[in-house]
Amino acid sequence: MGRGVSFYITDAFFWTIGPLIAENGAFGRFGGLLMAAYSFPSLVIGWFVGSIAVRFGKKRTALYSFFLGSCFLSLFAFLTNPMDIILLVSLSSMCIGLSYPALNGAYTDYISETQNYEKEIQSIIDLFYNIGWMLGPMIAGILAQGFGNAQSFSILGIFSVLTCVILIFKMPKKIHLKVQ
């Protein structure tokens, strides 16, 4: 659950605070590149997911790539140069963009293992999406108001890193859905 909700919170968070940072006077003419730097890499990285997921496994690929993307995101507050921030957002987006299709591949495996529970599994996936897109903007607004826009991204990155670390140690190697 943690990975799915965290991914959607991160996505909603970025689409809430990202435009505010992009329109900040510090970015000048490069403001539009920030949102493109977040969107474009995830489109391109999708071509490589299959080969990476076959080698490392879908769950592992999703978890570790989200972990790495969150590590990059946690550095956000330490950068002031707009081009450095755009590069950091691109790196984070590549990693997180790798996580999303790998996670969906794992969900697909769960559905194929227990086809009788397809509707229930799909409902849980939709629930993760809705919770993430409900909490993401709220958390973004609260953190941005309390700490500032850039610092809120670093806090989100740290929270996501901690979530991934917990999942790395607590998540079973194999998840078998028991059909009764």
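Structure: see above.
Residues numbered from 1 in each chain as written. Predicted model: local features only at pLDDT ≥ 70, side-chain atom pairs only at ≥ 80, totals over all residues. Heavy atoms only, no water.

1. Examining the packing of aromatic side chains
- The full count for this structure, using the stated rule, is 12 aromatic pairs.
- Here the aromatic rings of Phe-14 and Phe-153 are separated by 5.1 Å at their centres, their planes lie at 55°, and the arrangement is tilted. Placement of the pair is Phe-14 in helix H1 (residues 2-22) and Phe-153 in helix H7 (residues 149-170), with a sequence separation of 139 residues.
- On the basis of relative accessible area, Phe-14 is assigned to the buried category, the value being 3%.
- Take Phe-153: its relative accessible area is 1%, and that puts it in the buried class.
- Aromatic rings pair up to connect Phe-7, Tyr-8, Phe-66, Tyr-100, Tyr-129 and Trp-133 into one cluster. (Phe/Tyr/Trp six-rings, centres within 6.5 Å; stacked < 30°, edge-to-face > 60°. Helix = DSSP H or I, 4+ residues; strand = E, 2+ residues; numbered from the N terminus. Buried < 20%, exposed > 50% of the residue type's maximum accessible area, 1.4 Å probe, protein only.)

2. Observations regarding the nonpolar core
- Core analysis: the biggest nonpolar cluster contains 43 residues, and Leu-34, Phe-76, Val-89 and Phe-153 have the highest contact counts within it.
- Among the secondary structure elements, those contributing two or more residues to this core are H1, helix H2 (31-45), helix H4 (58-74), helix H5 (82-113), helix H6 (118-147) and H7.
- Among the elements that line this core, the one with the most residues is H5, at 12 residues.
- Those residues in contact with Val-89 that lie beyond four places of it in its chain are Phe-14, Leu-34, Ala-37, Tyr-38 and Phe-76. (Core = buried A, V, L, I, M, F, W, Y, C linked by side-chain atoms within 4.5 Å. Contact = heavy atoms within 4.5 Å.)

What is shown is where atoms sit, not what they do.
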